[in-house]
Amino acid sequence: MISILLPLASENPVAHVLDHKLVWLTANLGITKHVLMMLVAAGLLLWLFPLVAKRIASDRPGRLATCFEAMLLFVRDEMARPFLKEDTNKFLPLIWTFFFFILFCNLLGMIPGAAAATGNISITLSLALISLAVYHTFGIMRNGPIHYLKANLLVGPWYLWWLLVPIEMLGHVIKPCALAIRLFANMVGGHIMLAVVISFTAAFTLDNFFAGGAIALVSAGGAVFLSFLELLVAFIQAFIFAFLTTVFLSMALHPEH
C-alpha cells in the first residue's frame, strides 16, 4: 500500500507544480513543461486576438468577442485611464498584454496534464523585470535622468538623505520582487492545496473503500470548490500584476505626484 501511495500528491505535493524537462522536446530544443505552456499561451494570444478584433469590428461580434471586449474596456477604463490619463493609449497595449498573457498562463494550469507557467519563479521574475525596465525607461525619457533620480532618490530634507536614499533604492528593488513573488506564490500555493485535497480521495479509498467513502466525497467536494477558487485567483492575479504595473508606470511618469 505504501508503494501505491508514494506517487500521490499528498506524499509529494510540490511535484505537481515543479517544472520538468519534456523528453520529446529536450533532446533538440531543451524546452521544459513551463516553457511549453508559456509558448502555448503566447500562441493562443497571437491567434485569438486578431479574430476577436475582426469580430468586434463586425455587426455581429458574438458572445466570445463581446466577452473579450468587456474585459478590454474594463482594463482600459477602470484600470489604466484613472492613472495614466492622457498616456493611456500609449501604454494600453502593454497593459493588455500583461493582463491576458498572465491570465492565459494561469488558466492553462487548470487543464489536467498541463501546467501554469506562472508557477515558475523564473517566468514571473522575467515579467516583473520587463515591467521594471519599461516604467523606469519611460520615466527617465519623460522627466530626464537628473530630475528622475532626484524625484525618486533625493526625498525629504538633505540631512536625512543618508537614511532615505538607501530606503528608496531598496523600494525600487522590492517592487519587481513583489510582482514576481506574489504571482508565483499564489499560483503554486493553490495548485499544491488542490493536489493535496484530491489525493485524500485516493488515499482513503485505497485504504478502506467503504470507510473512506464519506471522506472521499468531502474531499471531492473540496476539490471542486478549490477549482472554482483557483479560477477566480487566475483572474485576480492577472489583474493585480497589470494594475500594479500601471501604478508604477504612473509614478514613474509623474514622480512629483
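First things first, this report covers the structure right here in the doc. Keep in mind that this is a model prediction, so the values were computed, not measured.

## Quick word on helix α4 (residues 62-84)
Right, so step 1: In this model α4 runs 31 Å from its N-terminal to its C-terminal C-alpha over 23 residues, within 8% of the 33 Å that 1.5 Å per residue would give.
Right, so step 2: Of the positions making up α4, those classed as buried are Ala 65, Phe 68, Met 71, Leu 72, Val 75, Met 79, Ala 80 and Leu 84.
Right, so step 3: At the exit of α4 stands Lys 85, carrying a positive phi of roughly 50 degrees.

## Here we look at empty space enclosed by the protein
Right, so step 1: This model, assessed by the stated rule, comprises 1 cavity of 30 Å³ or more.
Right, so step 2: In this structure, the largest cavity spans a volume of roughly 30 Å³.
Right, so step 3: Every residue lining the largest cavity is listed: Leu 179, Arg 182, Leu 183, Gln 237, Ile 240 and Phe 241.
Right, so step 4: Counting residues per element, the ones that place at least two in the lining of the largest cavity are α8 (161-207) and α9 (212-253).
Right, so step 5: Broken down by class, the residue content of the lining of the largest cavity amounts to 4 nonpolar, 1 polar and 1 charged.

## Looking at the side chain of Ser 131
Right, so step 1: Locating Ser 131 in the fold gives a position in helix α6 (residues 121-143).
Right, so step 2: Residue contacts for Ser 131: discarding those within four places in its chain leaves Phe 98, Leu 179 and Thr 245.

## Side note on the packing of aromatic side chains
Right, so step 1: Tallying each qualifying case throughout the model produces 11 aromatic pairs.
Right, so step 2: Between Phe 49 and Phe 100 the ring centres are 4.9 Å apart and the planes differ by 65 degrees, which places this aromatic pair in the edge-to-face class. Remark: Phe 100 occurs in helix α5 (residues 88-108) and Phe 49 occurs in helix α3 (residues 33-57); sequence separation between them is 51 residues.
Right, so step 3: Among the aromatic residues, ring-to-ring pairing joins Phe 49, Phe 68, Phe 99, Phe 100 and Phe 104 into one connected group.

## Things to note about the layout of surface pockets
Right, so step 1: Approximately 190 Å³ is the volume attributed to the second largest pocket.
Right, so step 2: Surrounding the second largest pocket, 15 residues form its lining, Asn 152, His 172, Lys 175, Met 251 and Pro 255 being those nearest its centre.
Right, so step 3: Among the elements of the structure, α6, α7 (145-153), α8 and α9 are those that each provide at least two residues to the lining of the second largest pocket.
Right, so step 4: Looking at which element gives the most residues to the lining of the second largest pocket, the answer is α8, with 4 residues.
Right, so step 5: In the lining of the second largest pocket, the residues fall into 7 nonpolar, 6 polar and 2 charged.

## So, a nonpolar patch on the surface
Right, so step 1: Judged by side-chain polarity, Leu 154, Trp 158, Tyr 159, Leu 160, Trp 161, Trp 162, Leu 163 and Ile 167 come together as a nonpolar surface patch covering roughly 900 Å² of accessible area.
Right, so step 2: Within the secondary structure layout, Leu 160 lies in the loop between α7 and α8.
Right, so step 3: Judged by relative accessible area, Leu 160 falls into the partly exposed class, the value being 30%.

## What to know about the nonpolar core
Right, so step 1: Formed by 48 residues in total, the largest nonpolar core has its most connected members in Phe 68, Phe 99, Phe 100, Phe 104 and Phe 241.
Right, so step 2: Those elements that provide at least two residues to this core are α3, α4, α5, α6, α8 and α9.
Right, so step 3: Of all the elements, α5 adds the most residues to this core, at 12 residues.
Right, so step 4: In this structure, Phe 68 is in contact with Leu 48, Phe 49, Val 52, Phe 100 and Phe 104, ignoring residues within four places of it in sequence.

How each quantity is defined
- In this convention, every chain numbers its residues from 1, walking through the sequence in written order.
- With pLDDT at 70 or above as the cut-off, local features in this predicted model cover only qualifying residues; side-chain atom pairs require 80 or more to be listed or tallied, and sums for whole chains, interfaces and linings still use all residues.
- Only heavy atoms go into the side-chain values, all of them from the structure, while hydrogens and water stay out.
- Strands are runs of DSSP state E lasting at least two residues, helices are runs of H or I lasting at least four, and both sets are numbered from the N terminus onward.
- Multiply 1.5 Å by the residue count of a helix minus one, and that product is the helix's expected span.
- Burial classes follow relative accessibility: with a 1.4 Å probe on protein chains only, a residue under 20% of its type's maximum area counts as buried, one over 50% as exposed, and anything between as partly exposed.
- Cavity and pocket criteria rest on a 1 Å grid covering protein atoms alone: a 1.4 Å probe that fits but cannot get out defines a cavity, protein on both sides within 12 Å along at least 5 of 7 lines defines an open pocket, and an atom within 4 Å of a point defines a lining residue.
- Grid points are joined across faces, edges and corners, and a volume is the space filled by probe spheres set on the points.
- Polar here means any residue outside two lists: the nonpolar Ala, Val, Leu, Ile, Met, Phe, Trp, Tyr, Cys and Pro, and the charged Asp, Glu, Lys and Arg; Gly therefore counts as polar.
- We call two residues in contact when some of their heavy atoms are within 4.5 Å.
- Each pair of aromatic rings taken from Phe, Tyr and Trp, with Trp reduced to its six-membered ring, is defined by centres within 6.5 Å and is described as stacked if the planes are under 30 degrees apart, edge-to-face if over 60, and tilted in the remaining cases.
- Only residues whose relative accessible area exceeds 30% and that form no salt bridge are eligible for patches; like-charged ones are grouped when within 9 Å, while nonpolar side chains (Val, Leu, Ile, Met, Phe, Trp, Tyr) are grouped when within 5 Å.
- Only the protein chains shown count as cover for residues, and all accessible areas are computed by the Shrake-Rupley method using a 1.4 Å probe.
- Think of a salt bridge as a Lys or Arg side-chain nitrogen and an Asp or Glu carboxyl oxygen that are within 4 Å of each other.
- What makes a nonpolar core is a set of buried Ala, Val, Leu, Ile, Met, Phe, Trp, Tyr and Cys residues whose side-chain atoms join them at distances within 4.5 Å.

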